[in-house]
Amino acid sequence: MTTTPVEIVLTNPATAVAQRAFAGTTAVALAAGMIAVAFSDGPWWATVLWELALLAGVAVMVRVWSSAGTSATRSTALRAGGTTASAEVRNSTKDFDGESVTHDLTLWVPLEDSGFEVRHQCNHYRGERSLQVLVDPADRTWAVVH
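Attention here is on the structure that accompanies the text.

With respect to the nonpolar core
Grouped together as the largest cluster of nonpolar side chains are 16 residues, with contacts concentrated most on L105, L107, V109, F116, L131, V135 and W142. Looking at this core, the elements with two or more residues in it are β2 (83-96), β3 (101-110), β4 (115-122), β5 (130-136) and β6 (141-144). Beyond its immediate stretch of four places on either side in the chain, V135 contacts L78, G82, T83, A85, V109, L111, F116, T141 and W142. Among the nonpolar cores identified, the runner-up in size contains eight residues, and A23, A27, L30 and L54 belong to it.

This is the structure in structure tokens:
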């Protein structure tokens, strides 16, 4: 059975703690704002709109809090069980949105007996023919080491 390769965004535990602290603090502030808006004297329709907007903000912060821990855990596992390899850049497409350049790369990640093709988006690419990757052949997780 082959599993689909999964890209891991390398995150260190200190960064994950900082992201969780920011997301938690912001979620609490948004929840306090929801309480304040509920007791405001505005029209009912404005109160409903503000409550929905603040609730959406809380949902985003909960997602940021959750994903920070997951990224750090996956990064630690990949660093422990992965090996470094040189992934061949098979194709690159440059996208300029008016403010920044993003590269859409197609990479061939080699394994001992085979390999797999993946796509990676970043703004660190400088035209190299290969990129260093960290890959775990057992569960086919990988990450570009920038």
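Some remarks on a nonpolar patch on the surface
Taken together, the side chains of W44, W45, V48, L49, L52 and L55 make up a nonpolar region of the molecular surface, amounting to roughly 700 Å² of accessible area. Topologically, V48 is positioned in helix α2 (residues 44-81). By relative accessible area, which is 41% here, V48 ends up partly exposed.

Focus on the pattern of salt bridges
Across all of its chains, the model carries three salt bridges by this definition. Note that E88 and R90 form a salt bridge whose closest N and O atoms lie 4.0 Å from each other. Classification of R90 by relative accessible area gives partly exposed; the value is 43%. Between R90 and E117 there is a salt bridge, and its shortest N-O distance comes to 3.3 Å. Highlighted residues: R90 in strand β2 and E117 in strand β4, separated in sequence by 27 residues.

Reading the values: rules and limits
Every chain's residues receive numbers from 1 upward, in the order its sequence appears when written. Given that the model is predicted, a residue must reach a pLDDT of at least 70 before its local features are reported, and side-chain atom pairs must reach 80 or more before they are shown or counted; all residues, however, enter totals for whole chains, interfaces and linings. Water and hydrogen atoms were dropped before computing side-chain values, which therefore reflect all heavy atoms in the structure. To qualify as a nonpolar core, a set must consist of buried Ala, Val, Leu, Ile, Met, Phe, Trp, Tyr and Cys residues joined through side-chain atoms within 4.5 Å. Think of it in three bands: residues with accessible area under 20% of the maximum for their type are buried, residues over 50% are exposed, and the middle band is partly exposed, with areas taken using a 1.4 Å probe on protein chains only. Secondary structure follows DSSP: runs of H or I at least 4 residues long count as helices, runs of E at least 2 residues long count as strands, and numbering of each begins at the N terminus. Contact criterion: two residues are considered in contact whenever any of their non-hydrogen atoms come within 4.5 Å of each other. Any residue with relative accessible area above 30% and no salt bridge may belong to a patch, with like charges joined within 9 Å and the nonpolar Val, Leu, Ile, Met, Phe, Trp and Tyr side chains within 5 Å. The method behind every accessible area is Shrake-Rupley, applied with a 1.4 Å probe, and residues are considered shielded solely by the protein chains displayed. Salt bridge criterion: a side-chain nitrogen from Lys or Arg within 4 Å of a carboxyl oxygen from Asp or Glu.

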